[in-house]
Amino acid sequence: MKKNTNISEAEWKIMKVLWEEPMLTLKQITERIEDSDWSYTTIRTMVGRLAEKGVISADKSTPNNFKYYPMLQEDECKRNVVKKFMSRVFDDSILGFVASFSKGAELSDEEKKELIKIIDKM
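This is a predicted model, so every value here is computed, not measured. Throughout this description, residue numbers start from 1 for each chain and increase along the sequence as written. Only residues with pLDDT of at least 70 are given local features in this predicted model, and only at 80 or more are side-chain atom pairs given and counted; all residues enter the totals for whole chains, interfaces and linings. Calculation of side-chain values draws on the structure's entire complement of heavy atoms; hydrogens and water are dropped beforehand.

K.L.:
Got a minute to help me understand the overall build of the chain in this structure?
P.N.:
Helical segments are the DSSP runs of H or I of at least four residues, strand segments are the runs of E of at least two, and each set is numbered from the N terminus. On a plain count of helices and strands, the chain comes out with 6 helices and 2 strands. The C-alpha radius of gyration of the chain comes to 18 Å, more than 25% above the 14 Å expected for a compact globule of 122 residues. With the C-alpha coordinates of the chain rotated into their principal frame, the extents come out at 50 × 30 × 25 Å. Categorising residues by exposure relies on relative accessible area from a 1.4 Å probe, with only protein chains included: less than 20% of the type maximum marks a residue as buried, more than 50% marks it as exposed, and the intermediate range marks it as partly exposed. Every one of the 122 residues in the chain was classed for burial, and the buried ones make up 24%. In this charge count, Lys and Arg are treated as positive and Asp and Glu as negative; neither His nor the chain ends contribute. By convention, charge coordinates are those of NZ in Lys, CZ in Arg, CG in Asp, or CD in Glu. Positive and negative side-chain charges of the chain, numbering 21 and 21 respectively, have mean locations separated by a distance of 5 Å. Radius of gyration here is computed from C-alpha atoms only, and the compact-globule reference equals 2.2 Å multiplied by the residue count raised to the power 0.38.

Next comes the structure, spelled out in structure tokens:
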């Protein structure tokens, strides 16, 4: 199944829960979603959408108590989102992105050093 990595903001909350702790039931996912007014039904719908997209799957060995887990690593999803954003907003220009980002960013000395290391590796 081809994975659709277009994950909504709400679905990201569920993905973060499953990346932190895979093999959770819907009830457990619901308990771990912080600061949410979402009902069990809402979460069930979002979990179903994520499964349709191929981003998560379920261990169905226990009927009526499926355990869900991610099919993609967190860093892979983040890279895909960044690539789409870069393409849409900056016409695939990393330089354009960095230039725009650096105008409003206040980086610590440690963050600056890490950024320079990343650039040097490129």
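What follows picks up the thread again.
K.L.:
I'm lost on the pattern of salt bridges in this one. Help?
P.N.:
Where charged atoms of side chains with opposite charge meet at close range, the side chains can pair. What makes a salt bridge here is a side-chain nitrogen of Lys or Arg within 4 Å of a carboxyl oxygen of Asp or Glu, nothing more. Under the defined criterion, the tally for this structure stands at 6 salt bridges. A salt bridge links arginine 79 to aspartate 75; the nearest nitrogen and oxygen atoms lie 3.2 Å apart. Of this pair, arginine 79 and aspartate 75 both sit in helix α4 (residues 74-90), 4 residues apart, which is roughly one turn of the helix. Of the residues examined, aspartate 75 reaches a relative accessible area of 44% and is grouped as partly exposed.

K.L.:
Can you help me understand a nonpolar patch on the surface in this one?
P.N.:
On the surface, a nonpolar cluster with roughly 570 Å² of combined accessible area is contributed by Ile94, Val98, Leu115, Ile118, Ile119 and Met122. Every element with two or more residues in the nonpolar patch is listed here: α5 (94-104) and α6 (109-121). With respect to the helices, strands and loops of the structure, isoleucine 119 is situated in helix α6. Its relative accessible area of 48% is what places isoleucine 119 among the partly exposed residues. Patch membership needs two things, relative accessible area over 30% and no salt bridge, and members are linked within 9 Å if like-charged or within 5 Å if nonpolar (Val, Leu, Ile, Met, Phe, Trp, Tyr). Here the open area of atoms and residues is found with the Shrake-Rupley method and a 1.4 Å probe, where only the protein chains shown may cover a residue.

K.L.:
Looking at this model, I keep getting lost on the side chain of glutamate 11. Mind explaining?
P.N.:
Positionally, glutamate 11 belongs in helix α1 (residues 9-20). By definition in these notes, contact holds between two residues if any of their heavy atoms fall within 4.5 Å. Look past the residues within four positions of glutamate 11 in its chain and what remains in contact with it is Asn6, Met46, Arg49, Leu50 and Lys53.

K.L.:
Whenever I open this one, the pairing of strand β1 (residues 56-59) confuses me. Can you help?
P.N.:
Looking along a regular strand, one sees side chains alternate from face to face of the sheet. Where burial is concerned, the two faces of β1 differ: the one with Ile56 and Ala58 is buried and the one with Ser57 and Asp59 is not. Pairing of β1 with strand β2 (residues 67-70) involves 4 bridges; the strand directions are antiparallel. Within β2, the residue paired with alanine 58 across the bridge is tyrosine 68. Pairing between strands is defined by DSSP: at least two bridges between the two strands are required.

K.L.:
How do you make sense of α1 when you look at a structure like this?
P.N.:
In an α-helix, one full turn covers 3.6 residues, which means residues spaced three or four apart are oriented alike. Helix span, as expected, comes to 1.5 Å for every residue beyond the first. Helix length check: α1, at 12 residues, gives a terminal C-alpha distance of 17 Å against a target of 16 Å (1.5 Å per residue), a fit within 8%. The set of residues buried in α1 consists of Glu11, Trp12, Ile14, Met15, Val17, Leu18 and Trp19. Tucked into the core, α1 has its buried residues touching α2 (26-32), α3 (40-53), β1, β2 and α4.

K.L.:
Would you take a moment to explain the nonpolar core for this structure?
P.N.:
Across soluble globular proteins, nonpolar side chains have a tendency to be buried as a group. Nonpolar cores are built from buried Ala, Val, Leu, Ile, Met, Phe, Trp, Tyr and Cys residues. Side-chain atoms within 4.5 Å join them into one set. One finds Ile14, Ile29, Ile43, Val47 and Tyr68 to be the most contacted residues of the largest nonpolar core, which totals 21 residues. Listing elements by their share of this core, those giving two or more residues are α1, α2, α3 and β1. The leading source of residues in this core is α1, at 6 residues. Tyrosine 68 has contacts with Leu18, Pro22, Met23, Leu24, Leu26, Ile29, Val47, Ile56, Ser57 and Ala58, leaving out every residue within four places of it along the chain.

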